[in-house]
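Spelled out from the first residue to the last, the chains are:
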Amino acid sequence: MEVTENHHVKMNAKRYLTAARTAREIVERELGDLQMREFAIRELPALQVTAENIYFDSYGCFADLDGSGHAALAQRVADALIERLSAAPAARG
């Protein structure tokens, strides 16, 4: 909403990352006992994305809470990107 309303606030990147990590820890701790499917709410996609990110962070693989098939696609794209990056010559600086 702040971006939509043009309310941008300068923030130190380190402080932002610390706040984001803290928020994730709180969400994971408070919502950890719920079934993953409880996070698939069409009207609140950010909740699903957060749950899928926490799942990925915890298990190292993509979750597909809504059965859309996006997890399998994300896995294929990530594998292709890693393969391309591995095959690319190292950048010279």
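Right above here is the structure, for reference.
Residues numbered from 1 in each chain as written. Predicted model: local features only at pLDDT ≥ 70, side-chain atom pairs only at ≥ 80, totals over all residues. Heavy atoms only, no water.

(A) Molecular detail of the overall build of the protein. Looking only at helices and strands, the protein features 3 helices and 0 strands. Moving toward the C terminus, one meets the helices and strands of the protein in the order α-α-α. The burial tally for the protein puts 9% of its 93 residues in the buried class. Split by element, the accessible area of the protein, about 8300 Å² in all, is 56% carbon and sulfur. (Helix = DSSP H or I, 4+ residues; strand = E, 2+ residues; numbered from the N terminus. Buried < 20%, exposed > 50% of the residue type's maximum accessible area, 1.4 Å probe, protein only. Areas by Shrake-Rupley, 256 points an atom, 1.4 Å probe, with all protein chains shown as cover.)

(B) Examining the packing of aromatic side chains more closely. Within this structure, the stated rule accounts for 1 aromatic pair. Note on phenylalanine 56 and phenylalanine 62: the rings are 4.9 Å apart at their centroids and 40° apart in plane angle, and the pair reads as tilted. (Phe/Tyr/Trp six-rings, centres within 6.5 Å; stacked < 30°, edge-to-face > 60°.)

(C) Structural context of a nonpolar patch on the surface. A cluster of nonpolar residues, Met11, Tyr16 and Leu17, forms a patch on the protein surface that exposes about 340 Å² of accessible area. Relative to the elements of secondary structure, tyrosine 16 occurs in helix H1 (residues 13-31). (Patch = residues over 30% accessible without salt bridge, like charges linked within 9 Å, V, L, I, M, F, W, Y side chains within 5 Å. Salt bridge = Lys/Arg side-chain N within 4 Å of Asp/Glu carboxyl O.)

(D) Molecular detail of the environment of serine 86. Relative to the helices and strands, serine 86 is located in helix H3 (residues 70-87). Residue serine 86 is classed as exposed on the basis of its relative accessible area, which comes to 61%. At 2.8 Å, the side chain of serine 86 forms a polar contact with the backbone oxygen of isoleucine 82. (Polar contact = N/O pair within 3.5 Å; in protein donor to acceptor, adjacent residues only side chain to side chain.)

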